[in-house]
Every structure is written in structure tokens, then in C-alpha cells.
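Observations on chain architecture
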Amino acid sequence: MLSREDNELLTRTGAGTPMGDLMRRYWIPALLCKQLSEPDCTPVRVQLLGEKLVAFRDSRGRIGLLDERCPHRTASLFFGRNEECGLRCVYHGWKFDVDGKCVDLPS
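So, here is what we can say about the structure in this document. Everything quoted here is computed from the prediction, not taken from an experiment. (Residues numbered from 1 in each chain as written. Predicted model: local features only at pLDDT ≥ 70, side-chain atom pairs only at ≥ 80, totals over all residues. Heavy atoms only, no water.)

Some remarks on the sheet that holds strand E2 (residues 51-57)
On the basis of which strands lie adjacent, the open sheet formed by three strands has the order E1-E2-E3 and antiparallel pairing. With partners counted over all chains shown, the strands left at the sheet margins are strand E1 (44-48) and strand E3 (63-67), one partner each. Each strand of the sheet is rotated relative to its neighbour by a mean of 35 degrees, with strand direction disregarded. Examined bridge by bridge, E1 and E2 share five bridges and lie antiparallel to one another. Directly across from Arg-45, in E2, lies its bridge partner Val-54. (Pairing = 2+ DSSP bridges. Helix = DSSP H or I, 4+ residues; strand = E, 2+ residues; numbered from the N terminus. Axes fitted to C-alpha atoms, helices over the stretch in contact; angles between N-to-C directions.)

Brief notes about the packing of aromatic side chains
Following the criterion strictly, the structure yields two aromatic pairs and no others. Ring centres of Phe-78 and Phe-79 lie 5.2 Å apart, and the angle between their planes is 70 degrees; on these two criteria the pair is classed as edge-to-face. Classification of Phe-78 as partly exposed rests on a relative accessible area of 22%. Given the relative accessible area of 53%, Phe-79 is considered exposed. Between Trp-94 and Phe-96, the ring centres sit 6.5 Å apart and the planes meet at 50 degrees, which makes this aromatic pair tilted. The ring of Phe-78 is capped by Arg-45, whose NZ or CZ atom sits 4.0 Å from the centre of that ring. (Phe/Tyr/Trp six-rings, centres within 6.5 Å; stacked < 30°, edge-to-face > 60°. Buried < 20%, exposed > 50% of the residue type's maximum accessible area, 1.4 Å probe, protein only. Lys NZ or Arg CZ within 6 Å of the ring centre and 35° of its normal.)

Things to note about the sheet that holds strand E5 (residues 86-88)
With respect to topology, four strands assemble into an open sheet ordered E4-E5-E6-E7, the strand pairing being antiparallel. What marks the edges here is a single partner per strand, and that holds for strand E4 (81-83) and strand E7 (102-104). Where strand E6 (residues 95-96) and E7 come together, two bridges link them in antiparallel fashion. Considered in E7, the bridge of Lys-95 is made with Asp-104.

In C-alpha cells form, the structure reads like this:
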């Protein structure tokens, strides 16, 4: 029988936890290819290891997996527009590529 402390150590997978750090070293299936069937399709919500993420397929067919919240004002990128090789936040228009880099800032 595991002690309470050992159970917490082995079952908590959030960011910064020992088991969470271990699990993030390996590939984890997130969704099926058919859920992102075509370029510029609607983004899909994904939750892995306690993190809320959004998956999308860009105009070139590459798949991106980003934090659901925009780093600017924490608006949900799930409601973003998937356009021209990036996912654009509907709140202020920041656009992110599949690597998570901000590639456009409206001014």
C-alpha cells in the first residue's frame, strides 16, 4: 500500500511536479488526425497532463499545439481564426505559427 505522499508523487502530473516533468519527456497521443482533417480547419481543444491546449492545422498542413490562452490578454485561442499559416487571437489579433512564435502583431 502506498503512503499518501507516495500516491501524490506518482499521480500528480501538472507542470512542475516530478511525475509531470517525467511524462513531458515522452510522446503522448493527443488527438486523431481526422480531428484536424484539412488545412485551416477549426481548432480543437485538448487537455494533456492538466494543461489546456489548442490544436490546429495551418495552411501548409502542419499541426500546431499551443497553450489555450493567448499570452497577451489570456483570451482563448480556441476561438481564434485559423488563417494563412497561423492561429490569430480574436481579442487583439496576435497571430501564432505552429511553433508558438508570434508572427504578426496588428498595429
